Every structure is written in C-alpha cells, then in structure tokens.
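Chain and residue survey
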Protein chains: 2
Amino acid sequence: MKYIAITAVFLALSFSSSGLAQQQKVVEDFKPSSVNQIGKEYPQVNSEGRVRVQIEAPEANNVQLDIGAVKYDLIKDENGVWTGESAPQDEGFHYYQLNIDGASVPDPGTKYFYGAGRWGSGIEIPAHDKEFYALKNVPHGLVSENIYYSDLTESWRRCFVYTPPGYQTNPDTRYPVLYLQHGSFEDETGWSAQGHANLILDNLIADKKAVPMIIVMDNGYAFKPNKEQGSTPTRPAFIFEEVLINEVIPMIDKKFRTIDNRENRAIAGLSMGANQTMRIIMNNLDKFAYYGGFSGTANYPSSDEIDVETFLEGAFADGKKVNEQIKVLWLGVGTKEAEVFPKSIGAFRNMLDKQGIEHVFYKSEGTAHEWLTWRRSLYQYVQLLFN
Amino acid sequence: MKYIAITAVFLALSFSSSGLAQQQKVVEDFKPSSVNQIGKEYPQVNSEGRVRVQIEAPEANNVQLDIGAVKYDLIKDENGVWTGESAPQDEGFHYYQLNIDGASVPDPGTKYFYGAGRWGSGIEIPAHDKEFYALKNVPHGLVSENIYYSDLTESWRRCFVYTPPGYQTNPDTRYPVLYLQHGSFEDETGWSAQGHANLILDNLIADKKAVPMIIVMDNGYAFKPNKEQGSTPTRPAFIFEEVLINEVIPMIDKKFRTIDNRENRAIAGLSMGANQTMRIIMNNLDKFAYYGGFSGTANYPSSDEIDVETFLEGAFADGKKVNEQIKVLWLGVGTKEAEVFPKSIGAFRNMLDKQGIEHVFYKSEGTAHEWLTWRRSLYQYVQLLFN
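Here's what I pulled together on the structure shown here.

About the thresholds
- Residues numbered from 1 in each chain as written.
- Chains lettered and ligands numbered in written order.
- Predicted model: local features only at pLDDT ≥ 70, side-chain atom pairs only at ≥ 80, totals over all residues.
- Heavy atoms only, no water.
- Helix = DSSP H or I, 4+ residues; strand = E, 2+ residues; numbered from the N terminus.
- Rg over C-alpha atoms; globule rule 2.2 N^0.38 Å.
- Buried < 20%, exposed > 50% of the residue type's maximum accessible area, 1.4 Å probe, protein only.
- Contact = heavy atoms within 4.5 Å.
- Buried area = accessible area lost by both parts, 1.4 Å probe.
- Salt bridge = Lys/Arg side-chain N within 4 Å of Asp/Glu carboxyl O.
- Polar contact = N/O pair within 3.5 Å; in protein donor to acceptor, adjacent residues only side chain to side chain.
- Nonpolar A, V, L, I, M, F, W, Y, C, P; charged D, E, K, R; others polar.
- 1 Å grid on protein atoms, 1.4 Å probe; cavity = no way out; pocket = protein on both sides within 12 Å on 5 of 7 lines; lining within 4 Å.
- Points joined across faces, edges and corners; volume = space filled by probe spheres on them.
- Domains from an automatic or database assignment.
- Axes fitted to C-alpha atoms, helices over the stretch in contact; angles between N-to-C directions.
- Parallel < 35°, antiparallel > 145°, perpendicular 65-115°, else oblique.
- Left-handed = near helix turned anticlockwise from the far one by under 90°.

What follows concerns the overall build of chain A. Looking only at helices and strands, chain A features eight helices and 19 strands. Since a compact globule built from 387 residues should have a radius of gyration of about 21 Å, the 23 Å found for chain A is in line with a globular shape. In terms of overall dimensions, chain A has C-alpha extents of about 65 × 60 × 50 Å along its principal axes. Classification of the 387 residues of chain A by burial places 57% in the buried group.

Next up on the list: the side chain of S144 of chain A. Inspection of the secondary structure assignment puts S144 of chain A in strand β12 (residues 142–150). With relative accessibility at 2%, the residue S144 of chain A sits in the buried group. Excluding residues that lie within four positions of it along the chain, S144 of chain A makes contacts with C159, F160 and V161 of chain A together with L142, V143 and S144 of chain B.

Residues and elements named next belong to chain A. A large share of helix α3 (residues 197–206) lies buried, amounting to nine of its ten residues. Where α3 is concerned, the buried positions are A197, N198, L199, I200, L201, D202, N203, L204 and I205. Immediately beyond the C-terminal end of α3, within one or two residues, lies K208, with a positive phi of roughly 55 degrees.

Residue-level contacts link 44 residues of chain A with 44 residues of chain B. The contact between chain A and chain B buries some 3700 Å² in all, and 59% of this surface belongs to carbon and sulfur atoms. One can count zero salt bridges joining chain A with chain B. Taken together, chain A and chain B are joined by nine residue pairs in polar contact (both at pLDDT 80 or more). Counting residues per element, the ones that place at least two in the side of chain A that touches chain B are β3 (51–56), β9 (103–105), β10 (112–115), β11 (118–125), β12, α3 and α4 (240–255) of chain A. Here the side of chain A that touches chain B takes seven residues from β12 of chain A, the largest share from any one element. Of the residues in the side of chain A that touches chain B, the class split is 22 nonpolar, 13 polar and nine charged.

Turning next to the layout of surface pockets. Residues and elements named next belong to chain A. Approximately 670 Å³ is the volume attributed to the second largest pocket. Residue lining of the second largest pocket: 29 residues in total, with G68, H94, Y95, H369 and E370 positioned closest to the centre. Counting residues per element, the ones that place at least two in the lining of the second largest pocket are β4 (63–67), β5 (70–73), β8 (92–100) and α8 (371–382). Considering each element in turn, the lining of the second largest pocket owes the most residues, four residues, to β8. Here the residues of the lining of the second largest pocket are counted per class, giving 15 nonpolar, eight polar and six charged. Taken together, domain 1 (20–126) and domain 2 (131–382) each give at least three residues to the lining of the second largest pocket, which thus spans both.

All right, on to the packing of helix α4 (residues 240–255) of chain B against helix α5 (residues 272–283) of chain B then. All names here are of chain B. One can describe the packing of α4 onto α5 by two numbers: an axis separation of 10 Å at closest approach and a directional angle of 50 degrees. In terms of their interaxial angle, α4 and α5 are classed as oblique. When the axes of α4 and α5 are compared, the crossing they make is right-handed. Taken together, the residues of α5 that come into contact with α4 (itself represented by F240, E241, L244 and I245) are Q276, R279, I280 and N283. Class assignment for the residues of the contact of α4 with α5 results in four nonpolar, two polar and two charged.

In the segment running from Y300 of chain A into P301 of chain A, the intervening peptide bond is cis, with an omega of 5 degrees. With respect to the element layout, P301 of chain A can be found in the loop between β17 (290–294) and α6 (319–325). For E154 of chain A, which is not a glycine, the phi torsion comes out positive at approximately 55 degrees. In this structure, E154 of chain A sits in the loop between β12 and β13 (155–163). E154 of chain A sits in the partly exposed class, given a relative accessible area of 43%. Located in the positive-phi region is S295 of chain B, a residue other than glycine, with phi close to 60 degrees. With respect to the secondary-structure elements, S295 of chain B resides in the loop between β17 (290–294) and α6 (319–325).

Right under this line is the structure:
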C-alpha cells in the first residue's frame, strides 16, 4: 500500500512537470535568446524564463524540447512547424537538446557549447545581475588558443589563455596567474564560452576591483597513455596534476610574462575542477597561495565528518600552517544545488572550523549546479586575489 | 520531344545520384572522422571518400544524409538506429546536415563549423597532401580572439589574430601582417577552424618557407547602421572596407607589434573575400603591397571582357604602375569549381595580360569551391610574402 501511494505521488509529479507549460498561462513576451545563431528567431525566452523552441519537421511524429531533465512536447502547425515551451527555468545558462522522433539533436537555432559531454545547444535566461558579465565598452583582454604537445599524456592538448587589457601594449609588465578549471563533462572552452571569464575580468579590471591577471583554462581530463595494448583494458589513470605542474605551468611561465612565484599564482575550479584543484594546491603549496572551490570540495560526495589525519594525507592537519600558506581559501555554492553539494561542502567547512582554518564562504542565491553560480563565484573570488 | 528527352536524362541522373551508394560496392574500411566530437564513432569516412553516418531515431519515418547537395537515404535497423553512406566525396572539408523527418539538423557526432550561413556539421575527407596543414611537433603560434567595438557599424565585432611562434618570447621583434578574409555565408572563425591557417603557417615557418607573420581574420560582413527606423527598410550598405582601413588596421597596429607600412602588409580572401579584398587593395595601395585572390576576383560573376577604363574605376588602367606597386598579385582556383569561377578569373587574367600586369596563377587539382582549395592557396601564397 505504501509502495502504491509513493508511485502515485511520482506519477503525479511526473505529469505535472511535463504538462506544466500547457496548464499555466504563458506570458507572451518572448525574445530571441542572446546565444542564437545570427539571424535565427528561435529559440526564444520570456520574462518568466520559459524557453520556446521552434523547428520545421513536417514528417515527424513527435518533437520535444529536452531541458533541465524534463521533456516538453511541441505542437505541429499546418505547415509542419513544431513549437512549444518549457516551464520557467532558473536565470543563467542551460544546456538543452531537441528530440525528433527519438533522435536527440542540437537545436539548429543556437550556437553550440561543450557540456554534458557533448557539443550541443545552450540558452541564456537573462539574469537580474547579468551586468557583471556583460560585454561593455571597456578595454578587453585577449583569449588565446594555445596548442601544446604533452609528453606525459603522449597527446596534443590545448589551453585557452586570457591576457588582460594592457598586456599587449605594456611589454615590461609581468602578471600574476590564475589557473581555472572546468567541471565534469566540460572542457577547456567552458570558462570563456559559457563562463564569460574574460568579460568578468575585463569589467572588474576596468572598475579597479581586480588586479590585471592572466587566466589559464586547461582541460582537466588528462590520462596516462595506456601502454598495455592487447591486454585487458584498464581505466586510464588521471594525471592532470602532473600535466599542470610539470608541463603547463613551465610552458605558461616561459611563453607569457608571468610573475613566477607562489604568491602570484592562484588556482580554482568548479565541481570536478574544485575537487581536482584542491588536491593540486595541497600537494603543491610551493606553487600556489590562493584556492577557489566553486560547488565542490575534495571530500565530495561524502558529507561524513572528515578525519583530518587521513583526508588528503593529512594536508589540513596543521591548521596554523594552512592559514600561513593559503592567503585566500574560498568556497562557493548555489542555493538551489542538489543536497550533495551543500552537504559535502558543509562537512568540509566543519573540518576547516575545527582546525581554525580561515576561509571565505559564498552562496549564490537562486542558482543550481550551473554556470551562473560559477560566474558569480569567479566574480567574487578574483577580487580577493593578489592584493 | 526534345523536352521529354531532356527530362528523362535528368530523372536518370537524379536516380543515379541518390541510389549510387546502394548500387556500387562500398569498401568496408570506414574510420571515425578526424573532426568528430570526443568519443563519437560516427560519422566515418572510408578510403573511397564515402561518408557514413549513424543516428538513433527509433520513431522516425525517414532519415537522410544531406551532403554535397545530394540527400542519401539511411536504413533503420531493429534497434531504431539509422545508418547509411554517401557517394565518394572530394578530398578535403565538407559541410553537411542530417534530415530527420523533414528537420534539417546538425549531426550530434561532429564538431560544428560556421559555413553555409549556419553552425553545422563538418567532415574531413583525408587529402593526399594533408601533411601541410597537419598538427605537427613544431613550435605553434597563438590564435587570439580580439573583441572590439566598431563606431562605424555601431556594433561589437571580433577578429581572430594569429601571432607566430616566437612572438611571445621575442618582445623586440616586429612582424608583417596578412589580412585574410573568409567567403560568403562564412565568418571570422573559418580560416582557423576549417582553413587551419595557423597550422599551415606554423609548418611553413618551421620549414623556413614563410617568414613569421601576423594574420588577422576579421568578419567581412560589416554594415552601415540603419538610422531610418520606421521608414521602408533598405538593404544595408556593406562598409567592410571602411571598418578594415579606419578601425581594424589602426587597432592591430596599436595592439600588436606590427611593421606599419605597405611593404609589410598583405591582403587576401576567398570567394566573396577575394572580391572584397581586391577592391580594398586597389583603393588603398598606400596600405598594402600584396594581394591574394582565392577562387574569386572583383569582376565575378561576369566572364565578359573587362573594360579596363571603367573596371574598379580604372584601377588597372596603368599596368606599369600596378606592377610597381603590387609586389605579388596572386590568383588561385580549384580545377573542379563551377564554371563561373574559372571563367570570371580567366576574364580577369586576360585583362592582366593585356595590361602587361605580372601575376601568379595557381590551380588546385581535383578540388572544388571548398576549403582544400583555399588551404592550398594560402600555403602557396604566403611563401611569396614579405621576401
């Protein structure tokens, strides 16, 4: 009986989400999304944050909009054009796809972004605070694609490097560096394309709220080459730390005008990247003096009390030493993220408090495990760097 | 009767192209395309240059591969997975789409490229001479995204800037500049993403076959803002020449370490870009000393004899002066391009010969109005610059 009741609740929930757009009155003030392809009228977004898509598919039986883990049915008109909209979405950036008779494909109306393990469609629900990452008439830095061969992974890799306004025209100035990592199923393109890291810095530097800095955005997926060809395939070993420390940092310090010391080197990451970069800084305190963890910590997904003697090989056991070495230890999370994030970050913060380790904690109001949380986190974090 | 006979020929041709893949034996040595998304097995290419695509669409009635202006029917298996292949394609790069029950969408297996007026799928048919644009273990330059506000268009614009190997580490060296333009329905991303301009230069510079140079790739679509709001909309005026001369060149000369004189400035473009840049150099011989026209000339699409007194306001009337001022006048075309290209370029060359104007003419064997023609053209052209 209990089982049946729970099933009924689930069914009701499931119906209410897929039928929501039809049941509620939709505000008819849709505008083309800011990340549409040139000249494309759809997808559109209204003031409630609903996403309306439209696609011509005259012979299709069923077309759906797949966004936020919900599929919304579209309706076909007499010309074979399908149209429909989602329930209101959180402000910020979302990945989505269209589903045409069972085929999951990008919407031909949008630009494409790498996330969720694929190049696919994205949409921007205008945020009330969008000005901090808006393209404004201020001096702009450059984002450069830097290709390199990694001996450790035996493969070509790529990082994007932001150089701040003035870098090109002040050949005698050297700059501090932030190493900034993406999350799982994302890549080195995310922080500039979806995160607008360059625009956030351009705006902060123009307002003198952040010091001019270089930002290096590499790919956190780096694996040891599998030499045992022919034998049972094994899960490849993650060696991003080795690649970053032994290949990327020396290359950046050689190729760009950096200040090559720990006090002028910061590291931060989102989600998987927060976990990775926390391990990296604690193993390499001679290299970095600033840490930022956006929606992640190295104890993820556990919310258990942390055993400070064993966690990261005792890296936080000497709280006084950590306070001396890490100039800013920064943590952030969105208030709408799944419980596992605030809970694991909470357990980490409890450990910090117990050890007397100073840190900054930031909550992004009304955002989930998505890019608006991380844009805001970056905005807050970089203001505290290299002062 | 004549009409019927012609129709019959057309029908026969039309059947043979759509049924070609089925009728001929397909060589089963397909490999994933080099421009697939990470981890994607399809699309694939075989040694004949056929493109095989695969997509899950269990409820679809009809799925087609749309490439080279031909639609090929795919076949559904018992799991709802559709598979099929094209006729052999020319070596080089091609845009394509999938058609799912009448919806034209990108293939979720590929990376996306801007061409044909959209972000969509691309595929690479390995060329016999692909080494000249391959990613090799040589020093690599940077490709930087440079955002700027254009007062002339009243809009934000973007160019990509290639700086050669050594640019970052030799702060006292200044470099010549090539301004390199895309074709119609393409944009400022084309020359690096599809054209591999950066890799072509990296390889040539490593071989000492080209001098280190900066390459600026801007967007040829630049329009005068429409001030007459509310009145009858007019076709906006193309003002790319004004933007390039008055905004882009001064910005590049300020931001990058260029050699700011005509002998160290070249311009080239493909198709529409060839037409645009020929007009630009002839109007601005004080700014440029080298011209490259890849699959295009300013008399396009006409193959009529050129009246040298009126063509481009008499810019070629004084052949001796042109010879003195343009150090290299370079033209190229693919042997498989539609007739209008070789014919209009031929008419232009006839005029040059008549005027006694020296020029270099290059034919790309076996390639059409596509990127392999333009990669080869760039490879040939840049070796003649700034010597």
